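# Fold and contact review
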Amino acid sequence: MSDKPKVVCEKPKLPTVWLDTSVIIKLTKVERGEKLQQIEVDRLTRLRTLVQELVPAGKLIFPQSDQEEEYVAKRLDPEIHRDFLGLSLGINMKHRQGIFDWQAQLGMEAYVEGVDAITVGVDAFCHGDPVEQLEQARQRNIVIGGHPIRLPEILARRDAANVKVLEVWEQLRQEFVAKKVTYEQQLESEKCGYADALAYKVEEWEKKLAAGISDFWAFMDVQGFLMFRAVWKDLGGKPEGLEGLHKYFCSDYHNNLPTPKIGNQLGADLLTGNAVIQSGDVMDVGLLSIAVPACHYVVTDKRQCDRIKRRGIDKEWGTEVYSMSEIDGLFERLEKLR
């Protein structure tokens, strides 16, 4: 069995651009006439013009991902949602967890069969063929999309979880920097991070079951394990159960897949860097780990852009990554599509 499977990741047949939520928020602010620096207004206006021209013309795909978590129930929520929907014509990527799960199952199958190569198709990231979806969307006169969930309990739990995750990550970063943990050392540790977290959650869940405690949210924490256990069993994975799954998730069959690999790289970079981890950084790790391998062009903030290029992630997956301050190169690409 090869321990270093080659992974090929397919992109849509049309040029595809993904924009960070912060860029969409600024596009919305410009549309509302809010004050920004003139150079920023000029770049954002040009970007909107190009996307509004090229997407309806069937020359460019601009997919939404599950970015609503970054703006729902906050200022300009309805306007931001409208811009996302209007610019994309309703073309969506799958939720990042669904993309992770899809790739994990591809890796499991390859692991059990012992193949030397894994192809991650466009359908791992999108609901069907985005080129076909765009063609269908162009035939419609209106764009209809569901509004982000605003259930108070879910929003409160999400916000609390985000705060806790940020605190934990920053605490870890400070500890690792003090211990002089290198990026390479942490990257190696990250490769078993998901497997170890999965094992811990299962252990906690089983303790509650043994104590007769019924906890919906504890069940939600382990539902991924239950699904993977069923898939593992169907594939004939060995060893059975959690032991076998732990070995798979620590293997290169999982960690060479695009989304886990990029997540590990960006996570290790954050946790061993000198910069304080900011509120949007952890979410960016998840979103960029699906955007970079799936799209031809990605626009994110300067810090994330530098991080991606420093680790060679853009080159590995054949993606051009820009920040708004360096976006002229993207404009040149998009102008040629006209």
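Read on for an overview of the structure.

Rules used in this analysis
- Residues numbered from 1 in each chain as written.
- Predicted model: local features only at pLDDT ≥ 70, side-chain atom pairs only at ≥ 80, totals over all residues.
- Heavy atoms only, no water.
- Disulfide = S-S within 2.5 Å.
- Helix = DSSP H or I, 4+ residues; strand = E, 2+ residues; numbered from the N terminus.
- Buried < 20%, exposed > 50% of the residue type's maximum accessible area, 1.4 Å probe, protein only.
- Core = buried A, V, L, I, M, F, W, Y, C linked by side-chain atoms within 4.5 Å.
- Contact = heavy atoms within 4.5 Å.
- Axes fitted to C-alpha atoms, helices over the stretch in contact; angles between N-to-C directions.
- Parallel < 35°, antiparallel > 145°, perpendicular 65-115°, else oblique.
- Nonpolar A, V, L, I, M, F, W, Y, C, P; charged D, E, K, R; others polar.
- Pairing = 2+ DSSP bridges.
- Polar contact = N/O pair within 3.5 Å; in protein donor to acceptor, adjacent residues only side chain to side chain.
- Arc of directions from axis to C-beta.
- Left-handed = near helix turned anticlockwise from the far one by under 90°.

Enumeration over the complete set of coordinates arrives at one disulfide. Two residues, Cys-192 and Cys-250, share a disulfide whose sulfurs are 2.2 Å apart. Of the two residues, Cys-192 sits in the loop between α7 (183-190) and α8 (193-210) while Cys-250 sits in helix α10 (residues 241-250), which places them 58 residues apart along the sequence. The partly exposed category is assigned to Cys-192, whose relative accessible area is 26%. Left without a disulfide partner, Cys-9 is nearest to the cysteine sulfur of Cys-295, which lies 9.8 Å away.

The subject of this paragraph is the nonpolar core. One finds Trp-18, Met-108, Val-120, Phe-125, Tyr-248, Phe-249 and Val-298 to be the most contacted residues of the largest nonpolar core, which totals 53 residues. With eight residues, the single largest contributor to this core is helix α13 (residues 281-294). Leave out the neighbours within four places in its chain, and Trp-18 touches Pro-63, Ser-65, Gln-67, Met-93, Leu-287, Leu-288, Ala-291, Cys-295, Tyr-297, Val-298 and Val-299. Of all hydrophobic cores here, the second largest spans 34 residues; its members include Val-30, Tyr-71, Leu-76 and Tyr-322.

A pair of packed helices can be characterised by two numbers: the angle between their axes and the separation between those axes. It is at 10 Å that the axes of helix α1 (residues 21-31) and helix α2 (residues 38-54) come closest, and there the two elements cross at 100°. As the angle between them shows, α1 and α2 are arranged roughly perpendicular. Residues Val-23, Lys-26, Leu-27, Thr-28, Val-30 and Glu-31 of α1 form the contact with α2, whose own contacting residues are Glu-40, Val-41, Leu-44, Thr-45, Leu-47 and Arg-48. In terms of residue class, the contact of α1 with α2 is made up of six nonpolar, two polar and four charged.

Attention now moves to the pairing of strand β1 (residues 6-9). Side chains Val-7 and Cys-9 project from β1 onto a buried face, and the interleaved Lys-6 and Val-8 project onto a face without burial. In this sheet, strand β3 (residues 117-120) lies alongside β1 in parallel orientation, the contact comprising four bridges. In the sheet register, Lys-6 faces β3, and the bridge partner there is Ala-117.

Looking at the element boundaries, Thr-272 is found in the loop between α12 (258-271) and α13. The class of Thr-272 is buried, set by a relative accessible area of 18%. Measuring from C-alpha to C-alpha, the distance between Thr-272 and Gln-174 comes to 8.3 Å, with 98 residues separating the pair along the chain. For Thr-272, the contacting residues outside a window of four places in its chain are Val-177, Val-181, Thr-182, Tyr-183 and Gln-186. A distance of 2.7 Å separates the side chain of Thr-272 from the backbone oxygen of Ala-268, its partner in a polar contact.

Another aspect to go through is helix α14 (residues 302-310). If you check which residues of α14 are buried, you get Gln-304, Cys-305, Arg-307 and Ile-308. Take α14 and look down its axis: the buried residues cluster within an arc of 165°, on one side only. Next to the buried residues of α14 lie α12, α13, α15 (313-316) and β5 (320-322). Structurally, the start of α14 carries an N-cap: the backbone nitrogen of Arg-303 is 3.0 Å from a side-chain oxygen of Asp-301. Positive backbone phi, approximately 70°, marks Gly-312, located one or two places after α14.

Another aspect to go through is the sheet that holds strand β4 (residues 297-299). Across the sheet, three strands lie side by side as β2-β4-β5; this open sheet has parallel pairing. Two strands close off the open sheet at either side, each with one partner strand: β2 (17-19) and β5. Pairs of neighbouring strands in the sheet enclose a mean axial angle of 15°, with direction left out of account. Taken together, the three bridges between β4 and β5 define a ladder with parallel strand orientation. Paired with Val-299 across the strands is Tyr-322, a residue of β5.

What follows concerns the packing of α2 against helix α16 (residues 328-335). Orientation of α2 relative to α16, taken along the N-to-C sense of each, is 25°, at an axis distance of 11 Å. By the angle between their directions, the pair α2 and α16 is classed as roughly parallel. You can see that α2 and α16 cross each other, and the crossing is left-handed. In this structure, α2 contributes Arg-43, Arg-46, Leu-47, Leu-50 and Leu-54 to the contact, and α16 contributes Phe-331, Leu-334 and Glu-335. Of the residues contributing to the contact of α2 with α16, the split by class is five nonpolar, no polar and three charged.

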